[in-house]
Amino acid sequence: LRSGLHIDLSLGGLLRAGTEMEGMEGYARMDFDQGDVCYALKEHQPALNRHCQPRSPRELREEVLSSPRLQRVIEEVAEEREQTVREVQKEAKVLLEEIGHKMWLPAVRSLAMVLRRAFRKMMRGIYYNREGLEQLQKLMSEWPVVLLPSHRSYLDFILVTYVMFEHNMQLPRIAAGQDFMVMSVVSSFLRGSGAFFLRRTFGSDKLYKAIFTCYVQALLCSGEGPIEFFVEGTRSRTAKSLHPKLGLLSMVVEPYLDARLPDVMLVPISLSYQRTLEEELFAWELLGVPKPKESTRGLLKARSILSEDYGSIFIHIGSPISVHDVCQASGLSRVPHGLIPRYTAHALLHPVLSVAALHLIKSDLKCLCLQNKHVPLCLDTFFFQYCQQYISEIRHNYYWPKKSHSIVLKI
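Residues numbered from 1 in each chain as written. Predicted model: local features only at pLDDT ≥ 70, side-chain atom pairs only at ≥ 80, totals over all residues. Heavy atoms only, no water.

A.B. asks: Would you explain the side chain of Asn 49 in this entry?
C.D. replies: Residue position: Asn 49 is located in the loop between α2 (36–40) and α3 (57–65). A relative accessible area of 7% places Asn 49 in the buried class. At 3.1 Å, the side chain of Asn 49 and the backbone oxygen of Trp 143 are in polar contact. Beyond its immediate sequence surroundings of up to four residues, Asn 49 is in contact with Met 140, Ser 141, Glu 142, Trp 143, Pro 144, Gln 170 and Gly 223. (Helix = DSSP H or I, 4+ residues; strand = E, 2+ residues; numbered from the N terminus. Buried < 20%, exposed > 50% of the residue type's maximum accessible area, 1.4 Å probe, protein only. Polar contact = N/O pair within 3.5 Å; in protein donor to acceptor, adjacent residues only side chain to side chain. Contact = heavy atoms within 4.5 Å.)

Here is the structure:
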């Protein structure tokens, strides 16, 4: 590392070098010729998802705080701690402010200008597969999308956003570790660029888990942009893929199982570096030296990397994975999960609904029809608000007859 010979002799490195020499068939190189300021100030009006429900960050937080799931958890936590509901609600607001993003286009433009200047000094080029990007553009206009990039470097947090900004696409909301929050300036730019923060572990804090789950699912259902997180959970120090962490993945799959969304598209993305910025740091960590904590001072000390040659970055956008198709192929049904929310106590439901649910599961009926007259008056509001929410979000999965009081759910 200290000799200055930065040669990637792995099979993947040789193949990448060979492909680059052959002209990268099927890949396009990002343009670095345009001026930094002109690039940052260019027009950005991406095509929106057809189901998009635009909300400001503040409106999104208010929606999360008023969700039935979170309200129930707040009541349970207040009872367990012997506190008032108002006290727990104040704590929930503070946690939500800590988590939530504050997407602001000027912050994105400023970050893009800084990155472009840095990339021009450090990188020979950034390549992406054209077919994958075109497919992703079409996908984002039709379905909720979750981006799952590999995690090799700190650059991964902003690299996908940079590519999407250049191609006038919806910018992703990125799950970032809470470690970055100690870097005040950096965390502000990341939050303004769409990052939302999470703890490394939730432990037994079910209030935090409920807030974070509701927030992620509200982002996904709003359709304002894709969600991006690293399924490996942390950077790979050996350039090999790590075992996936399934916590966030289960959160984004749940809205499909609850019938709040007709489908969720998972898009794997490979981010490959000829040299990673942290290569020397990773070498020390593999020798047993503890990882230094993230700080603004450490970032300023690392500015010497701007004079290094880190080769090229290769971005490969893979084929999308449909959660609906995976469930169908595996024989999994979302009916048992979608009939009654997991966070709603069965005691609140009338026995008629529970019997109907069991009957549906056991006999594998094609549809469930519950007549308005059979629903008790005290549950009428709850039941129909529940159904109306689903009907408004996935209309083609539901049919509401105009001349009848019955609701038919197409399975």
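Moving on, there is more to tell.
A.B. asks: Which parts of the structure should I look at to understand the packing of aromatic side chains?
C.D. replies: The tally for this structure, following the rule as stated, stands at 10 aromatic pairs. Arranged with centres 5.5 Å apart and planes meeting at 15°, the rings of Tyr 127 and Phe 314 form a pair that is stacked. Of this pair, Tyr 127 sits in strand β2 (residues 125–129) while Phe 314 sits in strand β8 (residues 312–317), and the two are 187 residues apart along the sequence. As far as the burial class goes, Tyr 127 and Phe 314 line up, both buried. (Phe/Tyr/Trp six-rings, centres within 6.5 Å; stacked < 30°, edge-to-face > 60°.)

A.B. asks: Sorry if this is basic, but what is going on with helix α10 (residues 206–222) here?
C.D. replies: Every α-helix carries 3.6 residues per turn, so stepping three or four residues along brings you back to the same face. Counted at 1.5 Å a residue, the expected span for α10 with its 17 residues is 24 Å, and the 24 Å between its end C-alpha atoms agrees. Within α10, 15 of the 17 residues are buried, which leaves the element mostly enclosed by the surrounding structure. (Expected span 1.5 Å × (residues − 1).)

A.B. asks: What's the story with the side chain of Glu 224 in this structure? I'm lost.
C.D. replies: Inspection of the secondary structure assignment puts Glu 224 in the loop between α10 and β6 (227–228). Despite being buried, Glu 224 has no salt bridge partner; Arg 173 is the closest side chain of opposite charge, sitting 4.0 Å away. With residues near it in sequence (within four places) discarded, Glu 224 still touches Cys 52, Gln 53, Pro 54, Arg 55, Gln 170 and Arg 173. (Lys, Arg positive; Asp, Glu negative; His and termini not counted. Salt bridge = Lys/Arg side-chain N within 4 Å of Asp/Glu carboxyl O.)

A.B. asks: What am I meant to see in the pairing of β2 here?
C.D. replies: The side chains of a regular strand alternate between the sheet's two faces. Summarising burial for β2: 5 of the 5 residues are buried, a large majority. Here β2 shows two buried faces, one formed by Gly 125, Tyr 127 and Asn 129 and the other by Ile 126 and Tyr 128. Where strand β1 (residues 27–29) meets β2, 3 bridges bridge the pair, whose relative direction is antiparallel. Its bridge partner being in β2, Ala 28 is matched across the sheet by Tyr 128. (Pairing = 2+ DSSP bridges.)

A.B. asks: What is the right way to read helix α11 (residues 247–257) from this model?
C.D. replies: Of all the 11 residues making up α11, 8 are buried; the element is thus mostly covered by neighbouring parts of the structure. Burial in α11 covers these residues: Leu 248, Leu 249, Met 251, Val 252, Val 253, Glu 254, Pro 255 and Tyr 256. Downstream of α11 by a residue or two, Ala 259 has a phi angle that is positive, lying close to 65°.

A.B. asks: Please clarify how the packing of α3 against α10 should be interpreted in this entry.
C.D. replies: How two helices pack is summed up by the angle between their axes together with the distance between the axes. It is the contact of α3 with α10, at a shortest axis distance of 9 Å, that shows an interaxial angle of 125°. Classed by the angle they form, the pair α3 and α10 counts as oblique. Crossing geometry of α3 relative to α10 is assigned as right-handed. Packed against α3, whose contacting residues are Leu 60, Glu 63 and Val 64, the element α10 presents Ile 211, Cys 214, Tyr 215, Ala 218 and Leu 219 at the interface. Tallied by class, residues from the contact of α3 with α10 come to 7 nonpolar, no polar and 1 charged. (Axes fitted to C-alpha atoms, helices over the stretch in contact; angles between N-to-C directions. Parallel < 35°, antiparallel > 145°, perpendicular 65-115°, else oblique. Left-handed = near helix turned anticlockwise from the far one by under 90°. Nonpolar A, V, L, I, M, F, W, Y, C, P; charged D, E, K, R; others polar.)

A.B. asks: Is there a simple way to explain the pattern of salt bridges in this structure?
C.D. replies: Oppositely charged side chains can pair when the atoms bearing their charge come close. Applying the stated criterion across every chain, the model contains 14 salt bridges. Of the charged contacts, one joins Asp 258 and Arg 260 as a salt bridge, the two residues approaching to 3.2 Å between their closest N and O atoms. Neither Asp 258 nor Arg 260 differs from the other in exposure class; each is buried. Connected via shared salt-bridge partners are Arg 72, Glu 76, Glu 80 and Lys 206.

A.B. asks: What should I look at first to understand the confidence of the model for the chain in this one?
C.D. replies: Parts of the prediction with low pLDDT should not have their coordinates interpreted in detail. Mean pLDDT over the chain works out to 75, with 74% of the residues at or above the 70 mark. Confidence drops under pLDDT 50 across residues 1–21; counting only partners more than four residues distant or on other chains, this segment forms 23 contacts. Scored below 50 in pLDDT, residues 390–411 shows 46 contacts in the model against residues more than four places distant or in partner chains. (pLDDT = per-residue confidence, 0-100.)

A.B. asks: Explain the pairing of strand β7 (residues 265–273) here, please?
C.D. replies: Across the 9 residues that make up β7, a large majority, 7, are buried. Strand direction decides the pairing type here: strand β3 (residues 145–149) and β7, joined by 5 bridges, are parallel. Each residue of the ladder has a partner; that of Pro 149, found in β7, is Ile 269. As paired strands, β7 and strand β9 (residues 321–322) are joined by 2 bridges and run antiparallel to one another. Across the sheet, the residue bridging to Met 265 is Ser 322, located in β9. By the bridge criterion, 5 bridges tie β7 to β8 in an arrangement that is antiparallel. Following the sheet pairing, Ile 269 is matched in β8 by Ile 317.

A.B. asks: It is not clear to me how a nonpolar patch on the surface should be interpreted in this structure. Could you clarify?
C.D. replies: A surface patch of nonpolar side chains, about 320 Å² in accessible area, is lined by Trp 284, Leu 287 and Val 289. Looking at the secondary structure, you find Val 289 in the loop between α12 (279–286) and α13 (296–301). For Val 289, a relative accessible area of 37% corresponds to the partly exposed category. (Patch = residues over 30% accessible without salt bridge, like charges linked within 9 Å, V, L, I, M, F, W, Y side chains within 5 Å. Areas by Shrake-Rupley, 256 points an atom, 1.4 Å probe, with all protein chains shown as cover.)

A.B. asks: Mind showing me how you'd approach the nonpolar core here?
C.D. replies: A general feature of soluble globular proteins is that nonpolar side chains tend to end up buried together. Within the largest apolar cluster, 48 residues are counted, with the highest numbers of intra-cluster contacts made by Phe 119, Leu 136 and Ile 315. A total of 8 residues in this core trace back to one element, the largest contributor, which is helix α8 (residues 156–166). In this structure, Phe 119 is in contact with Phe 32, Ile 126, Leu 155, Leu 159 and Tyr 162, ignoring residues within four places of it in sequence. Counting 45 residues, the second largest nonpolar core, distinct from the first, contains Leu 65, Val 73, Tyr 208 and Cys 221. (Core = buried A, V, L, I, M, F, W, Y, C linked by side-chain atoms within 4.5 Å.)

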